[in-house]
Amino acid sequence: MSSNLPKLKIKLTKYQQRLITLGWLIIAMNFIIVGISYTNLPDIIPAHFNYKGEVDGFGTKSTIWTFPILSSIIYFILYLVIKNINLWNMNYPIKVTDENAPEIYKTSLKMLVYINVLIAIIATPIIIEIILQAHDINLGFKFSSLSIVTVISITIIPFFYIFKMYKTPKK
């Protein structure tokens, strides 16, 4: 961390604030889905899926609460980071100057917001797949595969934004 980076306070845009709210709504929806379906679940439910979306682990029905609880904890922690971070304390792949700092800082904040929303989303398809599999419902599509897409997205987004930072004029 370089202490001589420009110290600018970048506020979240209205769109980013709406994305954060959307993330909280998704977290709440995950709790609601689990709460509504919990009493109808069998005592033993699918708890893990392999890369093909096939069940390869089971647990008690209370294990379904793990997904909304963990995603809400991770979402909350990253939310606190987004709200409280001093962007000049982050590490950047390019030289940050007075001229390019606003754009670089906005880009890094945008990246954190998108990653956080994807973290909120990641548990939803797993929860749905667990409920469907527990009731032997086959829709011909594995919802859990959407989680793989989400994980890939979370992995790719930082590279995309790093590339964008490199394209930012150095001035």
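Rules and cut-offs
Residues numbered from 1 in each chain as written. Predicted model: local features only at pLDDT ≥ 70, side-chain atom pairs only at ≥ 80, totals over all residues. Heavy atoms only, no water. Helix = DSSP H or I, 4+ residues; strand = E, 2+ residues; numbered from the N terminus. Buried < 20%, exposed > 50% of the residue type's maximum accessible area, 1.4 Å probe, protein only. Contact = heavy atoms within 4.5 Å. Phe/Tyr/Trp six-rings, centres within 6.5 Å; stacked < 30°, edge-to-face > 60°. Lys NZ or Arg CZ within 6 Å of the ring centre and 35° of its normal. Pairing = 2+ DSSP bridges.

### Brief notes about the environment of I131
Its place among the elements puts I131 in helix α3 (residues 101–134). Given a relative accessible area of 13%, I131 falls into the buried group. Sequence spacing of I131 and L22 is 109 residues, and the spatial spacing of their C-alpha atoms is 23 Å. In this view, I131 contacts I33, S37, L41 and I64; residues no more than four positions away in its chain are not counted.

### Comments concerning the packing of aromatic side chains
Summed over all chains, the structure comprises eight aromatic pairs. When the ring of W24 is compared with that of Y75, the centres are 4.8 Å apart and the planes differ by 80°; the resulting orientation is edge-to-face. Taken as a pair, W24 in helix α1 (residues 14–38) and Y75 in helix α2 (residues 66–84) lie far apart in primary sequence, 51 residues in all. Classification of W24 as partly exposed rests on a relative accessible area of 30%. Three or more aromatic residues joined by ring pairs form one cluster here, namely W24, Y75, F76 and Y79. One residue, K61, lies across the ring of Y38, its end atom 4.7 Å from the ring centre.

### Side note on the pairing of strand β1 (residues 44–49)
Of the pairings in the sheet, the one linking β1 to strand β2 (residues 55–60) comprises five bridges and is antiparallel in character. Counterpart to P46 in the pairing with β2 is F58. Hairpin connection, β1 to β2: the antiparallel pair is bridged by five residues, and G53 has positive phi, about 85°.

Shape is all these values report; function is a separate question.
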